[in-house]
Structures are given as C-alpha cells and as structure tokens.
Amino acid sequence: TLKQVSRFRQLVWMRVRLPFPFAPRDVIFDAMGVDCLQSACGGIMVVVRNAKQEDWPDVELLPPLDKRDTSSIRAQVLLAGALIIPLSPTRASLVNIMNVDPVLPALPGWLMNWLNRKCLWYAFDSFRKQVTDLHQQLPPAYQKEVAAKPQIYQELTKRLEPWANLSTQDDERKEDD
C-alpha cells in the first residue's frame with residue numbers, strides 16, 4: 001500500500017511476473033471498497049482504476065524503493081471491479097470485470113482475450129483455494145494485517161454477521177428434515 005486514503009480506499013502498487021520472454025508488469029491503482037450489503041445488490045463492491053499523478057499530487061506514484069525493478073513495464077488498469085455477494089459463511093458469488101492493458105503489443109487481441117479467460121480461471125481457482133485455506137487458519141502475514149487494522153476487520157465481521165447467522169439457521173433446518 002502506497003497510501004491509505006480512508007478505511008476502504010487505498011493506493012496500491014502491485015507487480016506481476018510474466019513467463020519468459022516477457023518482462024514483469026507493475027501497476028499503481030486506486031482501489032476502493034463499497035459496502036452494498038444493505039442495498040439491492042446485497043454485496044461488497046471493489047472498484048479499481050489507474051492512479052493518475054494529477055489526482056495524487058502529494059504521493060510519488062512509484063513502487064516502494066526496496067521493490068523497484070527497472071525491467072518492469074507499467075500496465076494500465078483502465079477500470080476493474082468485483083461484486084462479492086456472500087451466500088453463506090463458506091460460499092460467495094463473485095462477478096468480475098476488467099479493462100486492463102498489459103502492454104503486450106506483439107500479441108493479437110484474440111490471443112490476449114483467450115489468455116485472459118484462461119488466466120482468470122486459474123486466478124479464481126487459486127483465490128478459491130486460498131480462501132478455503134484461510135477459512136481453516138489465517139497465515140501469519142494475514143494475522144499481522146488483521147492486527148494492524150482491527151477497526152476495519154471488526155467492521156467487516158459485524159457487517160457480514162447476518163449471513164453467518166442465516167446460514168446457521170439454514171443448516172439447523174436441514175438437520176431437522
């Protein structure tokens with residue numbers, strides 16, 4: 001995180017390694033979480049776009065000094081977002097949209113689209129596995145994050161509590177049947 005703007009908004013730097021022969025990509029984006037749990041969509045929305053220097057005159061939009069790599073190429077996140085709708089403590093629906101320019105001009109558009117679909121499937125499968133593992137026990141790095149930002153995680157737990165209770169009631173009804 002380059003800058004914590006508010007409880008659910010931050011400037012983030014991220015680096016992605018690509019397979020040989022491509023150089024790694026990095027991106028600095030403005031990410032914001034929006035609580036829509038009580039609205040018609042009933043979820044949490046995450047919206048991401050490129051961080052532009054004119055929008056952040058007080059922040060140097062460069063990777064952290066200890067992580068700078070001159071071989072990285074700056075990718076562009078024109079607009080990305082996700083809607084996460086909790087279904088139960090162990091299930092959620094995820095709707096995702098991304099308009100990203102990875103700056104790979106040598107690849108034709110049809111191949112980029114195919115790769116994006118394949119990469120997204122693997123990314124979501126990896127995310128699903130990580131979430132499953134997190135459900136068992138938080139790794140130390142995440143425990144450190146939770147400890148550093150207790151107000152945010154307490155608020156999230158409080159906001160998601162109705163879904164946990166609803167699921168428990170559903171499970172009890174199934175046992176009675």
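Calculation criteria
- Note on numbering: residues in each chain are counted from 1, in written sequence order.
- pLDDT decides what is reported in this predicted model: residues at 70 or higher carry local features, side-chain atom pairs at 80 or more are listed and counted, and totals for whole chains, interfaces and linings draw on all residues regardless.
- For the side-chain quantities, the full set of heavy atoms in the structure was used; hydrogens and water were omitted.
- In DSSP terms, a helix is any run of H or I states spanning at least four residues, a strand is any run of E spanning at least two, and both are numbered starting from the N terminus.
- Between two residues, a contact is recorded if the distance between any of their heavy atoms is within 4.5 Å.
- Using a 1.4 Å probe, accessible areas were evaluated by the Shrake-Rupley method; residue-level cover was limited to the displayed protein chains.
- When a residue's accessible area, from a 1.4 Å probe over protein chains only, is under 20% of the maximum for its type it is buried; when over 50% it is exposed; and in between it is partly exposed.
- His residues and chain termini do not enter the charge count, which takes Lys and Arg as positive and Asp and Glu as negative.
- Should a side-chain nitrogen of Lys or Arg be within 4 Å of a carboxyl oxygen of Asp or Glu, the pair is scored as a salt bridge.
- Two N or O atoms count as a polar contact when they lie within 3.5 Å, although within protein this holds only if one can serve as hydrogen donor and the other as acceptor, and sequence-adjacent residues are included solely when both atoms are side-chain atoms.
- Candidate patch residues must exceed 30% relative accessible area and have no salt bridge, after which like charges are joined if within 9 Å and Val, Leu, Ile, Met, Phe, Trp or Tyr side chains if within 5 Å.
- Each residue carries a pLDDT score, the predictor's confidence in it, ranging from 0 to 100.
- For two strands to be treated as a pair, DSSP must find at least two bridges joining them.

1. Notes on the overall build of the protein chain
Logical step 1: In terms of helices and strands, the protein chain carries 3 helices and 7 strands.
Logical step 2: Intrachain contacts of the protein chain at a sequence separation of at least 6 include 50% that bridge at least 24 residues.
Logical step 3: If you sum the accessible surface of the protein chain, you get close to 12800 Å²; carbon and sulfur atoms cover 59% of it.

2. Re the side chain of R25
Logical step 1: Here R25 lies in strand β3 (residues 25-36).
Logical step 2: With no salt bridge to any partner, buried R25 finds its closest opposite charge in D101, at an N-O distance of 7.5 Å.
Logical step 3: One polar contact links the side chain of R25 to the main-chain carbonyl oxygen of P102, over a distance of 2.6 Å.
Logical step 4: Those residues in contact with R25 that lie beyond four places of it in its chain are M14, R15, V16, L18, I73, A75, P102, V103 and L104.

3. Details of the pattern of salt bridges
Logical step 1: Applying the stated criterion across every chain, the model contains 4 salt bridges.
Logical step 2: A salt bridge links D30 to R9; the nearest nitrogen and oxygen atoms lie 2.5 Å apart. Placement of the pair is D30 in strand β3 and R9 in strand β2 (residues 9-16), with a sequence separation of 21 residues.
Logical step 3: Residue D30 is classed as buried on the basis of its relative accessible area, which comes to 6%.

4. With respect to a nonpolar patch on the surface
Logical step 1: Residues M32, V34 and M45 make up a contiguous nonpolar surface patch of roughly 200 Å² in combined accessible area.
Logical step 2: Judged by relative accessible area, which is 31%, M45 ranks as partly exposed.

5. Topic: the confidence of the model for the protein chain
Logical step 1: When pLDDT is averaged along the protein chain, the result is 77; 79% of the residues meet or exceed 70.
Logical step 2: By mean pLDDT, helix α3 (residues 150-176) is the weakest element of the protein chain at 63, and strand β4 (residues 43-50) is the strongest at 89.
Logical step 3: The low-confidence segment residues 167-177, where pLDDT is below 50, has 2 contacts with residues more than four positions distant or belonging to other chains.

6. Looking at the pairing of β4
Logical step 1: Sheet topology places β3 next to β4; 8 bridges connect them, and they run antiparallel. When the bridges of β4 are listed, D30 appears paired with R49.
Logical step 2: Counting the residues in the hairpin turn of β3 and β4 gives 6 residues, including G42, whose phi is positive at 65 degrees.

7. Some points on the side chain of S72
Logical step 1: Of note, S72 is situated in the loop between β4 and β5 (73-74).
Logical step 2: Non-local contacts of S72, meaning those with residues more than four positions away in its chain, are made with R15, P24 and D26.

8. Some words on the pairing of strand β6 (residues 76-88)
Logical step 1: Across 5 bridges, the pairing between β4 and β6 is antiparallel. Residue pairing in the sheet places M45 in a bridge with L83 of β6.
Logical step 2: With 11 bridges connecting them, β6 and strand β7 (residues 91-101) associate as antiparallel partners. When the bridges of β7 are listed, I85 appears paired with S93.

9. Some remarks on the environment of N99
Logical step 1: By the secondary structure assignment, N99 is in strand β7.
Logical step 2: Separated by 20 residues in the primary sequence, N99 and L79 have C-alpha atoms spaced 5.2 Å apart.
Logical step 3: What N99 contacts, discounting residues up to four positions off in sequence, is Q76, V77, L78 and L79.

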